[in-house]
Amino acid sequence: MPRRNATAAVIGAGDFIGSEIAKKFAAEGFSIFAGRRNGEKLAPLVKDIEAAGGEIHARSLDARKEEEVIAFLNDADKHAPLEVCIFNVGANVNFPILDTTERVFRKVWEMACYSGFLAGREAARLMLPRGGGKIFFTGATASLRGGSGFAAFASAKFGLRAVAQAMARELGPKNIHVAHLIIDSGVDTAWVRERREQLWGKEALDNPDLLMPPSSVADAYWQLYQQPKSAWTFEMEIRPFGEKW
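Residues numbered from 1 in each chain as written. Predicted model: local features only at pLDDT ≥ 70, side-chain atom pairs only at ≥ 80, totals over all residues. Heavy atoms only, no water.

Looking at an unreviewed UniProt entry, one finds the protein chain named SDR family oxidoreductase, with Bradyrhizobium commune as its source organism.

Looking now at the sheet that holds strand E4 (residues 82-87). Read from one edge of the open sheet, 7 strands run E3-E2-E1-E4-E5-E6-E7, paired in parallel fashion. Looking along the sheet, the strands with just one partner apiece sit at the ends: strand E3 (55-60) and strand E7 (235-238). Pairs of neighbouring strands in the sheet enclose a mean axial angle of 15 degrees, with direction left out of account. Pairing of strand E6 (residues 176-183) with E7, which is carried by 4 bridges, proceeds in the parallel orientation. Each residue of the ladder has a partner; that of His180, found in E7, is Glu235. (Pairing = 2+ DSSP bridges. Helix = DSSP H or I, 4+ residues; strand = E, 2+ residues; numbered from the N terminus. Axes fitted to C-alpha atoms, helices over the stretch in contact; angles between N-to-C directions.)

Another aspect to go through is the nonpolar core. Core analysis: the largest hydrophobic core is formed by 36 residues, its most contacted members being Ile11, Leu73, Leu82, Ile135, Phe137 and Val178. Each residue touching Ile135, except ones within four places of it in the same chain, is listed here: Cys85, Gly120, Ala123, Ala124, Met127, Met167, Leu171, Ile176, His177, Val178 and Ala179. Listed in part, the 34 residues of the second largest apolar core include Ala8, Val10, Leu42 and Phe136. (Core = buried A, V, L, I, M, F, W, Y, C linked by side-chain atoms within 4.5 Å. Buried < 20%, exposed > 50% of the residue type's maximum accessible area, 1.4 Å probe, protein only. Contact = heavy atoms within 4.5 Å.)

Before going further, it helps to spend a moment on helix H5 (residues 151-171). A rise of 1.5 Å per residue sets the reference length of H5, with its 21 residues, at 30 Å; its end C-alpha atoms lie 30 Å apart and thus fit the reference within 8%. Of all the positions in H5, only Ala152, Phe153, Ala154, Ala156, Lys157, Gly159, Leu160, Ala164, Met167, Ala168 and Leu171 are classed as buried. Those residues of H5 that are buried are in contact with E4, helix H4 (102-127), strand E5 (133-140) and E6. (Expected span 1.5 Å × (residues − 1).)

Take the packing of aromatic side chains next. Describing an aromatic ring pair means giving the distance of the ring centres and the angle of the ring planes. For the structure on display, the rule yields 12 aromatic pairs. Their ring planes at 90 degrees and their centres at 5.5 Å tell us that Phe30 and Tyr225 sit as a pair that is edge-to-face. With Phe30 in the loop between helix H1 (17-27) and strand E2 (31-36) and Tyr225 in helix H7 (residues 214-226), this pair connects stretches of sequence that are 195 residues apart. Summarising the burial analysis for this pair, Phe30 and Tyr225 share the class buried. For the pair Phe136 and Tyr221, a centre-to-centre distance of 5.8 Å together with 15 degrees between the ring planes defines the contact as stacked. Residue Phe136 is located in strand E5, and its partner Tyr221 is located in helix H7; the two are separated by 85 residues in the primary sequence. The exposure classification of Phe136 matches that of Tyr221, with both residues buried. Taken together, the ring pairs in this structure connect Phe25, Phe30, Trp222 and Tyr225 into an aromatic cluster. (Phe/Tyr/Trp six-rings, centres within 6.5 Å; stacked < 30°, edge-to-face > 60°.)

The backbone of Asn175 sits at a positive phi, close to 70 degrees, despite the residue not being glycine. When you line up the elements, Asn175 lands in the loop between H5 and E6.

Scanning the entire structure with this criterion turns up 16 salt bridges. Across the pair Glu55 and Arg3 runs a salt bridge whose closest N-O atoms are separated by 3.5 Å. In this pair, Glu55 is assigned in strand E3 and Arg3 in the segment before strand E1 (7-11), connecting sequence segments 52 residues apart. One network of salt bridges, in which partners are shared, links Glu66, Arg121, Glu122 and Arg125. (Salt bridge = Lys/Arg side-chain N within 4 Å of Asp/Glu carboxyl O.)

Below, the structure written as structure tokens:
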């Protein structure tokens, strides 16, 4: 494959969405820096990307720790100029409000909002001197709507959306494309399938097209990456054809 002299960093390179994003950008010639809390779990992703002829550097990363985020992105930029940074840390929890402890609320905010601010700020610090780059954030239905049991998650996702929006307005005129991708759907993962079956029974899994494949999310990010600066999207919403909204 043709190699670019550029790095794409994926913060929150989990087994599903994050891994598919990394694979997509690796297939397009980017060197990948992938980080997640337990770096050992990145071994299958490393194997897949290297088997396909791509390049990946996998790290353990606690995205809530400023010094780790700085070191991770600086190392990515030293390897090859950081052109894309995708923040994909998940923190989806559901608790009735009376069961939402102070610790849960604070930790969800740290994971889904504060760590996104750190990633976005440090990516911008590296991209601004070169006059260009892409910073993308993964959002959810909860970015726009606080559902029952989602006070902690929705408040954090609302906050992440606000961080992204403020960054887009500040950095867009400086040729840095900041975008927020709202995934208004259950993503096709083992956890989501198990939860749907518990809530609605086995028939809830009869139509596979009602769950979004992680590869479709990766394709949406690639579409954002390809947009000309004369027609940038700040916010893209994606959902399966049958999703009620």
